[in-house]
Amino acid sequence: MDNIIFIGMPAVGKSSVGIVVAKRLGYRFVDTDLLIQEQEGKLLKEIIAEVGNEGFLKIENQVNRDVKATRSVISPGGSVVYCEEAMEHFKEIGTVVYLKASFGNIRRRIRSLKKRGVVLKDGQTFRNLYEERTALFEKYADIIVDEDGFRMEETVENVFRALDDYRKREIEGEK
Ligand SMILES: Nc1ncnc2c1ncn2[C@@H]1O[C@H](COP(=O)(O)OP(=O)(O)OP(=O)(O)O)[C@@H](O)[C@H]1O
Ligand SMILES: O=C(O)C1=C[C@@H](O)[C@@H](O)[C@H](O)C1
Ligand SMILES: [Mg+2]
């Protein structure tokens, strides 16, 4: 199935880059954070406050695992990499693009971790979360697009270039 799935840290641009990519391709855009809010009838930060990190990750896994999509750009939340079934589903239905930015860039973009609803374990630093997730993003990524030093429009171009290269390599591999 022809889907593109963006993964990466919170505030890296999965939603903002994703929607532009979808528009350029004439694809649907699916922000699964919004599907979670719709299903639960609450904001992400309210869900996390009510059911805790583990409870939230269960909901996030279920919603993302159950996404049915074709010709869509899917932008999940940054914590989806902890959701094994969801990530396996994404690997099956499309190409997984890891949008990567340095710790400093991400930290600058997020004013309040709590207001943004970042899933931090008790006592965990944001630096530790960055390192823990980086290993998971790299594990699941088909393509990595480095954002540092680029404006958003340039990142969009870099995504298209990386997707083209990936498809060419796939076709070469099939020969
Ligand atoms: N070069 C850049 N590329 C992408 N986004 C950028 C860039 N520079 C600044 N931004 C800003 O960073 C923010 C990215 O937020 P966005 O909601 O798209 O992230 P996200 O990856 O979807 O996060 P979440 O995991 O919380 O859903 C936006 O406010 C965007 O304007
Ligand atoms: O990176 C995170 O921990 C999160 C990001 C958001 O998009 C939401 O999915 C949720 O608030 C958790
Ligand atoms: Mg988002």
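These figures come from a predicted structure and were not determined experimentally.

What counts and what doesn't
- Residues numbered from 1 in each chain as written.
- Chains lettered and ligands numbered in written order.
- Predicted model: local features only at pLDDT ≥ 70, side-chain atom pairs only at ≥ 80, totals over all residues.
- Heavy atoms only, no water.
- UniProt positions renumbered as here; feature names shortened; annotations may be inferred.
- 1 Å grid on protein atoms, 1.4 Å probe; cavity = no way out; pocket = protein on both sides within 12 Å on 5 of 7 lines; lining within 4 Å.
- Helix = DSSP H or I, 4+ residues; strand = E, 2+ residues; numbered from the N terminus.
- Contact = heavy atoms within 4.5 Å.
- Buried < 20%, exposed > 50% of the residue type's maximum accessible area, 1.4 Å probe, protein only.
- Axes fitted to C-alpha atoms, helices over the stretch in contact; angles between N-to-C directions.
- Parallel < 35°, antiparallel > 145°, perpendicular 65-115°, else oblique.
- Left-handed = near helix turned anticlockwise from the far one by under 90°.
- Nonpolar A, V, L, I, M, F, W, Y, C, P; charged D, E, K, R; others polar.
- Near = heavy atom within 4 Å.
- Polar contact = N/O pair within 3.5 Å; in protein donor to acceptor, adjacent residues only side chain to side chain.
- Sits in = over half its atoms within 2 Å of the grid points.
- Patch = residues over 30% accessible without salt bridge, like charges linked within 9 Å, V, L, I, M, F, W, Y side chains within 5 Å.
- Areas by Shrake-Rupley, 256 points an atom, 1.4 Å probe, with all protein chains shown as cover.
- Salt bridge = Lys/Arg side-chain N within 4 Å of Asp/Glu carboxyl O.
- Points joined across faces, edges and corners; volume = space filled by probe spheres on them.

Some thoughts on the UniProt feature "binding site: substrate" (unreviewed entry) in the protein chain
Per the UniProt entry, the sites bearing "binding site: substrate" (unreviewed entry) are Asp-33, Gly-78 and Arg-133 in this numbering. Of the annotated residues named above, the ones that line the largest pocket are Asp-33, Gly-78 and Arg-133. Structurally, the position occupied by Asp-33 is in helix H2 (residues 32–40). Ignoring anything within four residues of it in the chain, the contact list for Asp-33 reads Leu-44, Ser-75 and Gly-77. Structurally, the position occupied by Gly-78 is in the loop between strand S3 (72–75) and helix H4 (84–93). Looking at Gly-78, the relative accessible area reads 10%, which means it is buried. In this structure Gly-78 touches Gly-8, Pro-10, Lys-14, Arg-133 and Phe-137, once residues within four positions along its chain are discounted.

Side note on the packing of helix H3 (residues 44–65) against H4
Running from N to C, H3 and H4 point in directions that differ by 20 degrees, and their axes come no closer than 7 Å. When the axes of H3 and H4 are compared, the pair comes out roughly parallel. Considering the relative orientation of H3 and H4, their crossing is left-handed. Between H3, through Asn-61, Asn-64 and Arg-65, and H4, the contact on the second element is made entirely by Glu-84, Glu-85, Ala-86, His-89 and Phe-90. Each residue belonging to the contact of H3 with H4 can be placed in one class, and the counts come to 2 nonpolar, 3 polar and 3 charged.

A closer look at the site of ligand 1
Neighbouring ligand 1 are 17 residues; Ala-11, Gly-13, Lys-14, Ser-15 and Ser-16 lie closest to it. In this structure, Ala-11 approaches ligand 1 through a main-chain N or O atom, which is 2.9 Å from an oxygen atom. One of the side-chain nitrogen or oxygen atoms of Asp-33 is found 3.4 Å away from an oxygen atom of ligand 1. Judged by the proximity of its atoms to the pocket grid, ligand 1 belongs to the largest pocket. Of the residues forming the shell around ligand 1, the biggest block, 3 residues, is contributed by helix H1 (residues 14–25). Taken together, the residues of the shell around ligand 1 sort by class into 6 nonpolar, 5 polar and 6 charged.

Let's talk about a nonpolar patch on the surface
Together, Ile-19, Val-20 and Met-152 give the surface a local cluster of nonpolar side chains, amounting to about 230 Å² of exposed area. Note on placement: Ile-19 falls in helix H1.

Comments concerning the site of ligand 2
Taken together, 14 residues are adjacent to ligand 2, and Asp-33, Ser-79, Gly-117, Val-119 and Arg-133 come closest. Gly-117 is positioned with one of its backbone polar atoms (N or O) 2.4 Å from an oxygen atom of ligand 2. Within the backbone of Val-119, one N or O atom sits 2.7 Å away from an oxygen atom of ligand 2. With the chains in place, 94% of the 310 Å² that ligand 2 exposes on its own is no longer accessible.

As for the layout of surface pockets
Size it by volume and the largest pocket reaches roughly 540 Å³. Together, 32 residues line the largest pocket, and Pro-10, Ala-11, Lys-14, Asp-33 and Arg-116 are the ones closest to its centre. Mapped by element, the contributors of at least two residues to the lining of the largest pocket are H1, H2, H3, helix H6 (113–116) and helix H8 (152–174). A breakdown of the residues in the lining of the largest pocket according to their chemical character gives 13 nonpolar, 9 polar and 10 charged.

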